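Remarks on the overall topology
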Amino acid sequence: AQKVTQAQTEISVVEKEDVTLDCVYETRDTTYYLFWYKQPPSGELVFLIRRNSFDEQNEISGRYSWNFQKSTSSFNFTITASQVVDSAVYFCALSDTTSGTYKYIFGTGTRLKVLA
Amino acid sequence: GAVVSQHPSWVICKSGTSVKIECRSLDFQATTMFWYRQFPKQSLMLMATSNEGSKATYEQGVEKDKFLINHASLTLSTLTVTSAHPEDSSFYICSARDIAGGRNEQFFGPGTRLTVL
C-alpha cells in the first residue's frame, strides 16, 4: 500500500537557519510522482515541486532544494536561510498510479515555525 | 493557467441543513476532480474521486448519501453535504486533474471552510 511519512510534526527554527523537512514514502509502483506543498494559515495549498520517479536529480529553486533518493525512498526538502514568511505547514504527497486515478496520498504534514 | 476555484470560500449553516460547494476548473478541462477534507491541524484526507459523467468513487468510511458529488461537466464538480451536523465542520478542498500535454497533475482550489452550528 502507498504511504507517506513525515515524522517531524513541528519544527521551530530561528530566522536565517537552514531547515530540512523529511519525507519517506512507500509504494510498489515503478512509476510515481512526489510532491511538496506549502499550506500557509490561509489554508490554500501552494505547489512547490513535482518529481517523477525516473528523475533523481536534486533540484534547487532559490532558497529551496530537494533531495530525492530512491534507495532510501526519501524526498527531503531543505529551506536555506529560513525567513518568517516560510512559517507554514508543509505536506509531502505521493501520486498513486496503480489505480489509474492518480490520486494523491498526503503525509501528515510538518508545521514549520520560523522565529524572528 | 491551471486555476481552480471554489465557491463559497466559507459558509456557516445550521445543523440539519444542506450545503453545496462548487469546484470549477477555470482554464482547463478536468475529467477527474477530487474532494478532500481537512480537520484542524490534520492532513488532507481524500473523500472521493469525481469523474465527469459517471458516479463518484468514495473512499472507505465516507458516507455516499451524506456527501453527494456531482460532476456534470468538464469544468464543474459539486459537493453537497446533506443534513450537516457540527462534526461535519471542516475545511473542504477540491482539486482538478489536468491531463493536457501529459502533465497529469492536480491543481487545488483555495478551499471552503464549513462551520455547522
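A quick note: this is a predicted structure, and the numbers were derived from the prediction, not measured. (Residues numbered from 1 in each chain as written. Chains lettered and ligands numbered in written order. Predicted model: local features only at pLDDT ≥ 70, side-chain atom pairs only at ≥ 80, totals over all residues. Heavy atoms only, no water.)

**A closer look at the sheet that holds strand β8 (residues 76–81) of chain B**
All names here are of chain B. Stated formally: Two strands qualify as a pair provided DSSP detects at least 2 bridges between them. For helices the rule is a DSSP run of H or I covering at least 4 residues; for strands it is a run of E covering at least 2, with both sets numbered from the N terminus onward. Only the stretch in contact is used when a helix axis is fitted, and all axes are lines through C-alpha atoms; the angle between N-to-C directions ranges over 0 to 180 degrees.
Strand order in the open sheet made by the 4 strands is β1-β3-β8-β7, with antiparallel pairing throughout. Two strands bound the open sheet, and with one partner strand each, they are β1 (4–7) and β7 (67–73). Neighbour-to-neighbour, the strand axes of the sheet open up by a mean angle of 15°, direction not taken into account. Both β7 and β8 contribute to a ladder of 5 bridges, which runs antiparallel. Paired with S73 across the bridge in β8 is L76.

**Considerations on the pairing of strand β3 (residues 19–25) of chain B**
Looking along a regular strand, one sees side chains alternate from face to face of the sheet. Residue and element names in this part refer to chain B. Cut-off, in case you're wondering: For every residue, the accessible area (1.4 Å probe, protein chains only) is compared with the maximum for its type, and the residue is labelled buried under 20%, exposed over 50%, or partly exposed between those bounds.
Of the two faces of β3, only one is covered, namely that formed by V19, I21, C23 and S25; the face formed by K20, E22 and R24 stays uncovered. Two strands pair when backbone bridges link them, and β1 and β3 are joined in this way by 4 bridges, in the antiparallel orientation. Bridging across to β3, Q6 finds its partner in C23.

**Here's the deal with the nonpolar core**
General note: in soluble globular proteins, nonpolar side chains tend to be found buried as a group. This is how the line gets drawn: For our purposes a nonpolar core is just a set of buried Ala, Val, Leu, Ile, Met, Phe, Trp, Tyr and Cys residues, chained together by side-chain atoms within 4.5 Å. We call two residues in contact whenever any of their non-hydrogen atoms come within 4.5 Å of each other.
The biggest cluster of nonpolar side chains holds 27 residues, and the ones touching the most others in it are F67 and L114 of chain B. At the level of elements, β2 (10–13), β3, β4 (32–38), β5 (45–51), β7, β8, β9 (90–98) and β11 (112–116) of chain B are the ones that each hand at least two residues to this core. Excluding residues that lie within four positions of it along the chain, L114 of chain B makes contacts with V11, C13, V19, V81, D88, S89, S90 and Y92 of chain B. Among the nonpolar cores identified, the runner-up in size contains 24 residues, and V19, L21, I49 and L94 of chain A belong to it.

**Structural notes on the packing of aromatic side chains**
Centre-to-centre distance and the angle between the planes together describe a pair of aromatic rings. Condition: Any Phe, Tyr or Trp ring, taking Trp's six-membered ring, that has another such ring centre within 6.5 Å forms a pair; planes under 30 degrees apart are called stacked, those over 60 apart edge-to-face, and the others tilted.
Inspection of the entire model under this criterion finds 22 aromatic pairs over all chains. With a centroid separation of 5.2 Å and 75° between ring planes, the pair formed by Y37 of chain A and F108 of chain B is classed as edge-to-face. Of this pair, Y37 of chain A sits in strand β5 (residues 33–39) while F108 of chain B sits in strand β10 (residues 105–108), each in a different chain. As far as the burial class goes, Y37 of chain A and F108 of chain B line up, both buried. Between W66 of chain A and F77 of chain A, the ring centres sit 5.0 Å apart and the planes meet at 5°, which makes this aromatic pair stacked. Taken as a pair, W66 of chain A in strand β8 (residues 64–69) and F77 of chain A in strand β9 (residues 74–79) lie far apart in primary sequence, 11 residues in all. Pair check on accessibility: W66 of chain A and F77 of chain A agree, each one buried. An aromatic cluster of three or more residues is present, and its members are F35, Y37, F47, F91, Y104 and F106 of chain A together with Y36 and F108 of chain B.

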